[in-house]
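Residue-level structural notes
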Amino acid sequence: MTNAADPLSVVLVGPMASGKTSVGRRVARRLGVGFIDTDKRIVAAHGPIPALFAEHGEAHFRDLERAAVAQALSEGGVISLGGGAVTDADTRRLLHGHPVVFLTVSEDAVADRLRGGTRPLLAGDDPVERWKRIFAERREWYEEVASISFDTSRRPMQRIADEIVAWRREQR
Ligand code: S3P
């Protein structure tokens, strides 16, 4: 089920601003494995996400993202995906058989986290309203790929990370 070279791999999915990167880093540190943020990999190789969306469109971004996810899964460790990775059926297929954690967050808690952001899908008036609509559209996909979910709304990220580590160790 997991990468044989790295039995403690974990994939984190969830909506924008659900804490995938901050929780993921902490989980990786505790497990003593590497951390990969697929968005960061895409930016390093292809430039800023808003420019990618503006110049080449979302479909192109999803292609780059699928390739980044495939590469990350082959390396193992803790892997944090962009919020929209699950919209792509082939990316969802790649996740099959991996331990996938779905991070959730409430609408109230997310409002603070979205302030001052540069996410292209939330650009314009009322980012929280857009976030809510997008999350509602994608929720089933998160549930489809996930093995378990944790809510990050009101608890310290370290506590959530510790719970994920405990869960992951039980899976071995
Ligand atoms: C996106 C989420 C972003 C990033 C891109 C698209 C989405 O990642 O991949 O802006 O479609 O939800 P975060 O979930 O880390 O914000």
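Each value, and the rule that gives it
- Residues numbered from 1 in each chain as written.
- Predicted model: local features only at pLDDT ≥ 70, side-chain atom pairs only at ≥ 80, totals over all residues.
- Heavy atoms only, no water.
- Near = heavy atom within 4 Å.
- Polar contact = N/O pair within 3.5 Å; in protein donor to acceptor, adjacent residues only side chain to side chain.
- Areas by Shrake-Rupley, 256 points an atom, 1.4 Å probe, with all protein chains shown as cover.
- Nonpolar A, V, L, I, M, F, W, Y, C, P; charged D, E, K, R; others polar.
- UniProt positions renumbered as here; feature names shortened; annotations may be inferred.
- Helix = DSSP H or I, 4+ residues; strand = E, 2+ residues; numbered from the N terminus.
- Buried < 20%, exposed > 50% of the residue type's maximum accessible area, 1.4 Å probe, protein only.
- Contact = heavy atoms within 4.5 Å.

1. Observations regarding the site of the ligand
Around the ligand there are 13 residues in total, and Lys20, Asp39, Arg62, Arg119 and Arg138 lie nearest to it. At a separation of 2.8 Å, an oxygen atom of the ligand approaches a polar side-chain atom of Asp39. Between Arg138 and the ligand, the recorded distance is 2.6 Å, taken from a side-chain N or O atom to an oxygen atom. For the ligand, whose unbound accessible area comes to 380 Å², protein coverage reaches 93%. Each residue belonging to the shell around the ligand can be placed in one class, and the counts come to five nonpolar, three polar and five charged.

2. Looking at the UniProt feature "binding site: ATP" (unreviewed entry) in the protein chain
The UniProt record marks Ala17, Ser18, Gly19, Lys20, Thr21, Ser22, Arg119 and Arg155 with the feature "binding site: ATP" (unreviewed entry), using the residue numbering of this structure. On the basis of their most widely separated C-alpha atoms, the annotated residues across 139 residues do not gather in one place, lying as much as 24.1 Å apart. Secondary-structure assignment places Ala17 in the loop between strand S1 (10-13) and helix H1 (20-31). Look at Ala17 and you get buried, because its relative accessible area is 11%. When near neighbours in sequence (up to four residues on either side) are disregarded, Ala17 contacts Val105, Val110, Arg113, Leu114 and Arg119. For Arg155, the position within the fold is in the loop between strand S5 (148-151) and helix H8 (157-170). The class for Arg155 is partly exposed, based on a relative accessible area of 28%.

3. Some thoughts on the side chain of Ser18
Mapped onto the elements of the fold, Ser18 is located in the loop between S1 and H1. Overall, Ser18 belongs to the buried group, its relative accessible area being 0%. Leaving out residues up to four positions away in the same chain, Ser18 has contacts with Leu103, Val105, Arg113 and Thr152.

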